[in-house]
Amino acid sequence: MPGRPEDTRARTNAHARPIGHTELKAVRRHRYPDADRATRPVPQRVRQPFLENPVRGPGGRGVLLLNPGGPGGPGLDLPVSVGADFPGEVKRQYDLIGFDPRGVGRSSPVSCGLTGDEQDMERPYKTGTFAKDVEWARTVAAKCQAGEGDRLRHLTTRNTARDMDVIRAVLGEKKISYLGFSYGTYLGAVYTQMFPRRTNRFVLDSAADPARYGRGMFQAMAERAGPAFTRWTEWTARRHTTYGLGHTPAQVRKTFWDLIAQADRKPIDYGGTFFTGDSIRAQRAMFSRVQKAATWVAGLKKAAEGEKPDPPGTPEQVPSPLRPASARDVPSDNETASAWAVLCADTRTSWPHDSEQYRRDASRDKARYPLSGDFESSIKPCAFWEPGSEPETTVTNRVRALILQNEWDPSTPPAGRARRRTPAAGPPGRKQVVQLKRCGCVRAPGGATTRRPSSVVADAGRLKAVQGKASSGPKGSPRYA
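Procedures and definitions
- Residues numbered from 1 in each chain as written.
- Predicted model: local features only at pLDDT ≥ 70, side-chain atom pairs only at ≥ 80, totals over all residues.
- Heavy atoms only, no water.
- Helix = DSSP H or I, 4+ residues; strand = E, 2+ residues; numbered from the N terminus.
- Buried < 20%, exposed > 50% of the residue type's maximum accessible area, 1.4 Å probe, protein only.
- Core = buried A, V, L, I, M, F, W, Y, C linked by side-chain atoms within 4.5 Å.
- Contact = heavy atoms within 4.5 Å.
- Disulfide = S-S within 2.5 Å.
- pLDDT = per-residue confidence, 0-100.
- Phe/Tyr/Trp six-rings, centres within 6.5 Å; stacked < 30°, edge-to-face > 60°.
- Lys NZ or Arg CZ within 6 Å of the ring centre and 35° of its normal.

A count of helical and extended segments in the protein chain gives 16 helices and ten strands. The buried share of the protein chain, reckoned over its 481 residues, is 59%.

A few words on the nonpolar core. Leu65, Met164, Trp340, Leu343 and Trp385 are the most contacted members of the largest nonpolar core, which has 53 residues in total. It is helix 5 (residues 130-148) that provides the largest number of residues to this core, a total of seven residues. Leaving out residues up to four positions away in the same chain, Met164 has contacts with Leu65, Phe99, Ile176, Tyr178, Leu187 and Tyr191. In terms of nonpolar packing, the next biggest core, distinct from the first, is built from 28 residues, Ala225, Trp232, Ile268 and Val290 among them.

What follows is about the state of the cysteines. In total, this model carries two disulfides according to the counting rule given. The residue that forms a disulfide with Cys344 is Cys382, at a sulfur-sulfur distance of 2.0 Å. Across the S-S bond linking Cys344 and Cys382, the dihedral sits near -75 degrees, which makes this disulfide left-handed. Within this pair, whereas Cys344 is found in helix 13 (residues 334-347), its partner Cys382 is found in the loop between helix 15 (373-377) and strand 9 (402-406), the two being separated by 38 residues in sequence. Cys382 matches Cys344 in its accessibility class, with the two residues each being buried. Each bonded cysteine of the protein chain is numbered by sequence order, and under that numbering the disulfide pairs are 1-2, 3-4.

When pLDDT is averaged along the protein chain, the result is 77; 69% of the residues meet or exceed 70. Helix 1 (residues 5-12) is the least confidently modelled element of the protein chain, averaging 30 in pLDDT, while helix 10 (residues 249-265) averages 98, the highest of any element. In the model, residues 314-326 has pLDDT below 50 throughout and makes 31 contacts with residues more than four positions away in sequence or in other chains. Low pLDDT, under 50, characterises residues 436-454; the stretch is placed with 85 contacts to residues that sit more than four places away or in other chains.

Quick look at unusual backbone geometry now. Here the residue pair Gly70 and Pro71 is connected by a cis peptide bond, since its omega of -5 degrees sits within 30 degrees of zero. With respect to the helices, strands and loops of the structure, Pro71 is situated in the loop between strand 3 (62-67) and helix 2 (78-81). With a phi close to 45 degrees, Ser108 is a non-glycine residue in the positive phi region. If you trace the backbone, Ser108 turns up in the loop between strand 4 (94-99) and helix 4 (116-119). Positive phi outside glycine occurs at Ser182, with the angle close to 55 degrees. Position of Ser182 among the secondary structure elements: in the loop between strand 5 (176-181) and helix 7 (183-194). By relative accessible area, which is 2% here, Ser182 ends up buried.

Looking now at the packing of aromatic side chains. A complete count under the given rule lists 20 aromatic pairs for this structure. Judged by centre distance (5.4 Å) and plane angle (80 degrees), the rings of Phe275 and Trp296 are edge-to-face. Taken as a pair, Phe275 in strand 8 (residues 273-275) and Trp296 in helix 12 (residues 290-304) lie far apart in primary sequence, 21 residues in all. The exposure classification of Phe275 matches that of Trp296, with both residues buried. The rings of Phe229, Trp232, Phe256, Trp257 and Phe287 are connected pair by pair, giving a single aromatic cluster. Its guanidinium or amino end placed over the ring of Phe375, Arg284 lies 4.6 Å from that ring's centre, counting from NZ or CZ. Taking the ring centre of Phe218 as reference, the NZ or CZ of Lys380 above it sits at 5.2 Å.

Encoded structure:
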């Protein structure tokens, strides 16, 4: 796990400095000849601060922009909170640049005035509650439209990529290097498509498949949750003496689903939190981290049997980086509001208008993928969103990038038919993949770590197609949820 943000801040604030603000106006083709012909003006001004940690020495390779994922993840503080853990080789070669994407954090933050319940996106399908879920999705979209109006159309990944290029220009750099996690990999892929001659070394960790970005991204999570769960049952069965969940994978599976059934009848009090069957299933991403998942389920079983388990520490509750004091006045719903704003504006055409389509899909996928199919296929606010200002991006370029992928992480599943080899952000053969067995290869905001964190940034110029094993450190939860 990385050091606590307040600790890393003490080590690095002597060097980090705010560059100031860019007033982001229309980005036109005559200013940015590398952009594709679909580039359009942005009829608004966005106040966007960004932070530089100028650590590179003589002969450095330029700037390294950082993005934590999302959409909706603030990144202004990353040179401090995450950059402190980078190895010296990276720091000597790059100045680290953090920024809040437009609409996020301190970059003209959006707010929809959402309540706590309206910010909860976990809506498992049930016949009796589906009408309420439709009304929730409609309400979120309507409140965002009422609160932000026409600005919503321009909160897109393509415009964030343009903003990144403005930062490059303000810093006087010909090219940028980039490290992005989860959704940040999609942002990086879009930048390479729009500005292919302005890319230096790009590292995309826990890569989202651009071809399925949108509704398909959620459904891919359900598809991959099953194999991760199966792997967990096999791992746990071999350790029955430790966890007591079953001698065989079938027994482990039965133990888990028996707990679901029991919690559906009466919620299980686990460490002061009452878990229903649905709220247990909502922890679906934990099965990519087998040891944590086995520990958590074993504790849940003890609680269900009336024993007093150890403190649970739900695996998916990974602390986010502490926001800087100057950003704590950001609207409380900003991360949720900006996430829906970007995702829905980017991909409105991938979401059906007909609410009954979501009912059918959720019912079908709950049967296909019982762990989480209904969570992922049920209705979302994007069904009622206004389209973004331009079509989503098709990634077809030949820009080199190092793509890191966890084979078992359902939140960012590997792309393509050959999941072990196919690149996650471009056509076959055009990018290189490190397919990891256990966890991500660089240190992410939530705590991903391996034996040599972040040295891959320095190595990105010498790409090789390899299939590696990472160490058993915990992987941070991606920000797609």
